[in-house]
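Listed below are the residues making up each chain.
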Amino acid sequence: MSEQKLPMLPPSVELETKAVLKQLAKANRALAELKGYADTIPNKHILINAVLINEAKDSSAIENIITTHDELYRAMSDASSASSAAKDVASYRTALWQGYELVNTRGMLTVNMIIEIQGIIERNRAGIRKLPGTVLRNEGTGETVYTPPAGEAGIKELLGNLEKYINEDYSDIDPLIKLAVIHYQFESIHPFYDGNGRTGRIINVLYLVLKELLDSPILYLSSYIIRNKSEYYRLLQKVRTHEDWEEWIIYILAGIEETAVETFRLAKRINSEVEAMSVEIKERLPKIYSKEMIDLLFYEFYTKIVYIQNGLSVTRKTAAGYLSSLEKEGFLVSEKIGKERIFQNKRLYDLVRHT
Ligand SMILES: Nc1ncnc2c1ncn2[C@@H]1O[C@H](COP(=O)(O)OP(=O)(O)OP(=O)(O)O)[C@@H](O)[C@H]1O
Ligand SMILES: [Mg+2]
């Protein structure tokens, strides 16, 4: 099958059609609402963490890496005992954090960062494709639907062009429309042997942070893509075959709107759980309660004696006593994993697991 060369960005057709602008307004509104709320909540780390863990699971599930929250929770607290799927999901989460740190500190999203992110996801240093033979197949029929560009030099040139498009705003086109273009282009360049989908989904959120549409990495399209998977592949392909950007862009914008609304809801639920638990701990264990203690309990899904010891500057014995009282009152559930006792914040965990 002869393939046309993948065109450089920007696309040569008009992207801001009437239908696109209509969906764009809705997406921007939902996103602004989420950003506004996320700015005001006291424990941002909790929200980021909760959303991130679900994203790591969902995004990996698209690649058929299926794990449960329980497995993942174990992998996070004791990596040595983790299954390979749980390790993959944990790596995705690490890649996401690392990408966020990089974009946040450097104010750019470069090809080198993208290579670094993919390396963390895949836990290897293979880098950009050098050997030919990578093709994209229809999941059902196995037929080849697209052969991405081959040859390292050509791939690097396309990536350089993409990097410019990401970082330089030479036109006034809306960043959310650009996000859809970037995602298509990145997946079509398909620069790596594997992990292109997952890397591309991380680029999406990093781009939102880069353009200051979000302060924290809390908006992900993976669950939306899972729900609308065949559309996702079909529309990617239609940009290629029919230069049909409109449908693709609307698909992505609708995903941004939908997931922003969902994340907003989750953020509110987490926030009220933190407040409810604070009030209860204050009432039932007034000697233990402090704001710092609540922060520590909600920093992760689990805590350890040493975290409380260091976080509150108390002795190990005191820290252990606090945690055991909290467990007796039903706020935490402990379990020995590896050599250590891990205390799970059951309510936070259940809340996130069921979203
Ligand atoms: N016709 C297509 N044109 C462009 N990109 C496509 C097409 N079909 C699929 N893709 C992209 O390729 C990705 C899969 O590539 P790859 O296997 O390298 O990534 P992955 O992260 O391992 O997998 P997955 O995305 O399934 O989790 C898809 O997620 C999608 O973004
Ligand atoms: Mg793959």
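Model, not experiment: these values are computed from the prediction.

What counts and how
- Residues numbered from 1 in each chain as written.
- Chains lettered and ligands numbered in written order.
- Predicted model: local features only at pLDDT ≥ 70, side-chain atom pairs only at ≥ 80, totals over all residues.
- Helix = DSSP H or I, 4+ residues; strand = E, 2+ residues; numbered from the N terminus.
- Rg over C-alpha atoms; globule rule 2.2 N^0.38 Å.
- Buried ≥ 20, exposed ≤ 12 C-beta atoms within 10 Å, placed from the backbone.
- Contact = placed C-beta atoms within 7 Å.
- Near = placed C-beta within 6 Å.
- Nonpolar A, V, L, I, M, F, W, Y, C, P; charged D, E, K, R; others polar.
- Core = buried A, V, L, I, M, F, W, Y, C linked by C-beta atoms within 7 Å.
- Domains from an automatic or database assignment.
- Pairing = 2+ DSSP bridges.

Enquirer: Help me understand the overall build of the protein chain, please; the structure alone is not making it clear to me.
Expert: A count of helices and strands for the protein chain gives 15 helices and five strands. For 355 residues, the compact-globule formula gives about 20 Å, and the C-alpha radius of gyration of the protein chain, at 22 Å, lands near that figure. Over its C-alpha atoms, taken along the principal directions, the protein chain stretches across nearly 70 × 40 × 40 Å. For the protein chain, buried positions account for 39% of its 355 residues. Across the protein chain, every contact between residues at least 6 apart in sequence was considered, and the portion connecting residues at least 24 apart equals 67%.

Enquirer: Can you help me understand the site of ligand 1 in this one?
Expert: Near ligand 1, the surroundings consist of 16 residues, among which Glu63, Glu187, Asn196, Gly197 and Arg198 are the closest. Contributing elements (two or more residues each) for the shell around ligand 1: β2 (144-146), α7 (175-189), α8 (196-210) and α10 (229-242). With four residues, the top contributor of residues to the shell around ligand 1 is α8. Split by residue class, the shell around ligand 1 holds six nonpolar, six polar and four charged.

Enquirer: Before we go on, may I ask you to explain the nonpolar core in this structure?
Expert: Among the nonpolar cores identified, the biggest contains 91 residues, and Ala180, Ile182, Leu219 and Trp248 are the most heavily contacted of them. Among the elements that line this core, the one with the most residues is helix α11 (residues 245-284), at 13 residues. When we break this core down by domain, the ones giving at least three residues each are domain 1 (42-267) and domain 2 (285-353). Not counting chain neighbours up to four residues away, the residues in contact with Trp248 comprise Ala180, Tyr184, Leu235, Leu236, Lys238 and Val239.

Enquirer: How should I be thinking about the domain arrangement of the protein chain in this particular structure?
Expert: Here the domain parsing of the protein chain yields domain 1 (42-267) and domain 2 (285-353). Taking only C-alpha atoms, the centre of domain 1 and the centre of domain 2 are 33 Å apart. Facing the 14 residues of domain 1 at the interface are 11 residues of domain 2. Broken down by element, the residue count for the side of domain 1 that touches domain 2 peaks at six residues, all from helix α2 (residues 44-62). Of the residues assigned to the side of domain 1 that touches domain 2, the class counts are four nonpolar, eight polar and two charged.

Enquirer: How do you make sense of the sheet that holds strand β5 (residues 340-345) when you look at a structure like this?
Expert: Two modes of strand pairing occur in sheets, parallel and antiparallel, and in both the strands are linked by backbone hydrogen bonds. On the basis of which strands lie adjacent, the open sheet formed by three strands has the order β3-β5-β4 and antiparallel pairing. If you trace the sheet from one side to the other, it starts and ends with β3 (302-303) and β4 (332-337), each paired once. As paired strands, β3 and β5 are joined by two bridges and run antiparallel to one another. Bridged to Tyr302 within β5 is Gln344.

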